[in-house]
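# Per-entry structural report
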Amino acid sequence: MPAGKITWLVPPKTSPDVETQKKKKGCLLVFARWCARLFVLFVVFLGGAFGGFFAPQLYHRFYLFPKQAEAWKQLAAQRTPVSLQTGWQEYRGVMHSHSEVSHDSEVTFPEIVQALHQAKCQFIFMTDHVVDGKADYSLGWKGIHDGILFVRGFEMRDGFMPWGLPDDTVFSNSEDPAELAKKIRQLGGVLCLGHCEAGRPWHIPEIDGMEIYNIHTDLLDEMMEKHSRLEVVKELLINMWAYPEQTLRSVFDWWVLAMLVQKWDEQNVHRKLTGIAANDCHQNVGARGIYTAEDSLLLLDTGHSDPKKKIAEFKLNAVTRTLLKLFFGKLEAGQQLFRIDMDPYERSSRFVNTHLLAQELTEPALLDAVRTGRAFVAFNMIADAGGFAYVAEGGGQRVTMGERIALAPGLKLRAEAPLPCRFTLVRDGNRVTEQSGRTFEYEVTAPGKYRIQADVSVPGEIAVVGEHYARNMAPWILTNPIEVTAQAGN
């Protein structure tokens, strides 16, 4: 290169095609980035919406229900035998229950036996709905079947639940309640009232007992409002598979129990009514999907098979049919594709129980226990209350719940539970005292009707006695009262 000559290196010109390709790539890159950002935002939005919509249920799923399950487990591990004796045999069972005899249940009697064995029950008092307006006591099972005692009964108008009637008894559901009550008493039957949240003929003297808790009363409270029904459905979707027992327990409302117990206390001031629990077993709170010959998905509840009473029906198309085949395989007319049960019979049978104290497992012996009030109610799904004892001792006598004893110097009320709990003594509906532990003792100085409520520690629960509330305590046992009468000569 000659000295002093400057040569400029000029980069080769880029072809228009290359420039265009670069611009396209840049645009595609920007577009991809924005798509990714929008997708992330959409996922965040969707997650936030899901979390907001299911917030209570997610709180239950990941916090409350695990803590409750652990608390129930710890309670089970603490059980020890009870040494205090009542002088009676204790039998656990179900009162207020339905079978295939009822229009809203499809559970067969052999299935009921299996469920009660799983629930550790020895008896069941049936309350099937009347058939064609009649309570026919020849229908259904009676007596002991594979170790389970069946007592026939029906759920009639005004909440009447008559038990212990002869097999040839047939009552009309349209009979006058007062006259019907007299017939039941004349035939040797026992009459209890169900669904006592509603108006009931309390003036009838032949009434022997009443429900102080009913599962369906609690559930109906949730079903009365659209918002509450939605919450139940959401609970089923999120928690039914992981925590089925806690999901069913979530329908429990402390105020429902408090309301019914208050009514019971008010009635017992001037008469005697035995308090019982109502499992109200139906196995009909749920949904099932059936593929039909019309190429549709039929949604029914779990209490019947009548297509006319369907929840909904969806005509299938190519997409929905393919999805159903993907999840359930080959579709055949009449095939049940899925079933969701919130209240399977076994679970309802364990939710709450009535424990009767009797000499033997026979219908007359258990009916006598109901008449007398030798009974206590226990929420056994939370913790097994078997063996719980409550007595009054004094003057050389010992009586138990439902029985009477005269006031005497040194008369004591004693109770013992298989688990540590909080005992609350209630006299004529008013709170007297509290004690914590496995045993309870109180010296009586005044006549009255004394019952005990025992509560156990469970996160998220509320126990109520009168106007006294206790958070993170669950009502566990409610006894029938021991009546302390005035001293002779007073």
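The structure under discussion appears in the preceding block.
I will try to describe carefully the structure that is included in this document. (Residues numbered from 1 in each chain as written. Predicted model: local features only at pLDDT ≥ 70, side-chain atom pairs only at ≥ 80, totals over all residues. Heavy atoms only, no water.)

## Quick notes on a nonpolar patch on the surface
A cluster of nonpolar side chains, namely Phe39, Val40, Phe42, Val43 and Val44, defines an oily patch on the protein surface of about 500 Å² accessible area. Within the secondary structure, Val44 is located in helix α1 (residues 16-53). For Val44, a relative accessible area of 54% gives the class exposed. (Patch = residues over 30% accessible without salt bridge, like charges linked within 9 Å, V, L, I, M, F, W, Y side chains within 5 Å. Areas by Shrake-Rupley, 256 points an atom, 1.4 Å probe, with all protein chains shown as cover. Salt bridge = Lys/Arg side-chain N within 4 Å of Asp/Glu carboxyl O. Helix = DSSP H or I, 4+ residues; strand = E, 2+ residues; numbered from the N terminus. Buried < 20%, exposed > 50% of the residue type's maximum accessible area, 1.4 Å probe, protein only.)

## Some words on the sheet that holds strand β12 (residues 274-278)
Spatial ordering of the open sheet is given by β8-β10-β11-β12, a layout of four strands whose pairing is mixed. Looking at which strands have only one partner, the edges of the open sheet turn out to be β8 (160-163) and β12. Across the sheet, the mean angle separating the axes of adjacent strands is 35° when strand polarity is ignored. Lying over the sheet, helix α8 (residues 254-268) contacts β11 (209-214) and β12, oriented at roughly 165° with respect to β11. Sitting on the sheet, helix α11 (residues 363-372) is in contact with β8, β10 (190-193) and β12, with an inclination near 50° to β10. (Pairing = 2+ DSSP bridges. Axes fitted to C-alpha atoms, helices over the stretch in contact; angles between N-to-C directions. Contact = heavy atoms within 4.5 Å.)

## Details of the packing of aromatic side chains
Tallied over the full model, the rule gives 20 aromatic pairs. Their ring planes at 65° and their centres at 6.2 Å tell us that Phe65 and Tyr243 sit as a pair that is edge-to-face. Of this pair, Phe65 sits in helix α2 (residues 55-77) while Tyr243 sits in the loop between α6 (226-239) and α7 (244-249); the two residues are 178 residues apart in sequence, bridging distant segments of the chain. Judged on exposure class, the residue Phe65 and its partner Tyr243 are both buried. Measuring from centroid to centroid gives 6.1 Å for Tyr137 and Phe171, while their planes differ by 80°, and the two rings are edge-to-face. (Phe/Tyr/Trp six-rings, centres within 6.5 Å; stacked < 30°, edge-to-face > 60°.)

## A word on the pairing of strand β22 (residues 412-427)
Within a regular beta strand, the side chains point alternately toward one face of the sheet and then the other, so they alternate between its two faces. Most of β22 is tucked away: 12 of the 16 residues are buried. Sheet topology places β22 next to strand β23 (residues 430-443); 12 bridges connect them, and they run antiparallel. Each bridged residue has a counterpart across the sheet, and for Cys421 the counterpart in β23 is Gly437. Remark: two residues form the turn of the hairpin made by β22 and β23, two consecutive strands paired antiparallel; Asp428 in that turn has positive phi of roughly 50°. Of the pairings in the sheet, the one linking β22 to strand β24 (residues 448-465) comprises six bridges and is antiparallel in character. Paired with Arg422 across the strands is Asp455, a residue of β24.

## Here's the deal with the environment of Phe150
Here Phe150 shows up in strand β6 (residues 148-151). With 21 residues separating them along the chain, Phe150 and Phe171 place their C-alpha atoms 20 Å apart. If near-sequence neighbours (up to four positions away) are discounted, Phe150 is found in contact with Phe109, Ile112, Val113, Ile124, Met126, Trp141, Lys142, Gly143, His145 and Glu363.

## Details of the sheet that holds strand β15 (residues 312-315)
Pairing is antiparallel across the open sheet formed by four strands, whose spatial order is β15-β14-β13-β16. Each edge of the sheet is formed by a strand with only one pairing partner; in this case those strands are β15 and β16 (336-341). The average undirected angle you get between the axes of adjacent strands in this sheet is 15°.

## Observations regarding helix α3 (residues 109-118)
Regarding α3, the residues found buried are Phe109, Ile112, Val113, Ala115 and Leu116. Buried residues in α3, looked at end-on, bunch into an arc of 165°, giving them a common side. Looking at the buried side of α3, the elements it contacts are β1 (89-95), β2 (123-125), β5 (143-145), β6 and α10 (345-351). Count one or two residues on from α3 and you reach Lys120, which has phi positive near 60°. (Arc of directions from axis to C-beta.)

## Some points on the pattern of salt bridges
Throughout the structure, instances matching the rule amount to 24 salt bridges. Of the charged contacts in the structure, one is a salt bridge between Glu245 and Arg350, with a shortest N-O distance of 2.4 Å. Residue Glu245 is located in helix α7, and its partner Arg350 is located in helix α10; the two are separated by 105 residues in the primary sequence. For Glu245, a relative accessible area of 23% gives the class partly exposed. Its relative accessible area of 17% is what places Arg350 among the buried residues. Notably, a salt bridge pairs Asp265 with Arg451, separated by 2.9 Å at the nearest N-O pair. Of this pair, Asp265 sits in helix α8 while Arg451 sits in strand β24, placing them 186 residues apart in sequence. Since its relative accessible area comes to 13%, Asp265 is described here as buried.

## Some words on the nonpolar core
Core analysis: the biggest nonpolar cluster contains 77 residues, and Tyr390 and Trp476 have the highest contact counts within it. Sorting elements by how many residues they give to this core places β22 first, with seven residues. With 20 residues, the next largest nonpolar core counts Val151, Ile276, Ala369 and Val370 among its residues. (Core = buried A, V, L, I, M, F, W, Y, C linked by side-chain atoms within 4.5 Å.)

## Remarks on the environment of Ile477
As for its placement among the helices and strands, Ile477 is situated in strand β25 (residues 468-479). With 92 residues separating them along the chain, Ile477 and Ala385 place their C-alpha atoms 7.4 Å apart. Beyond its immediate sequence surroundings of up to four residues, Ile477 is in contact with Phe376, Val377, Ala378, Ala385, Phe388, Ile452, Gln453 and Ala454.

## A short note on the state of the cysteines
Scanning all chains against the criterion turns up zero disulfides. Summary of cysteine pairing: Cys121 is not part of a disulfide, and the nearest cysteine sulfur, belonging to Cys281, is at 8.4 Å. You can call Cys121 buried: its relative accessible area is 4%. Residue classification places Cys281 among the buried positions, given a relative accessible area of 0%. (Disulfide = S-S within 2.5 Å.)

## Concerning the side chain of Ser97
Structurally, Ser97 is set in the loop between β1 and α3. Overall, the relative accessible area of 0% leaves Ser97 in the buried class. Of note is the side chain of Ser97, whose polar atom sits 2.8 Å from the backbone oxygen of Phe125. Apart from the residues lying within four places of it in its own chain, the contact partners of Ser97 are Ile124, Phe125, Met126, Thr127, Asp128, Cys281 and Tyr345. (Polar contact = N/O pair within 3.5 Å; in protein donor to acceptor, adjacent residues only side chain to side chain.)

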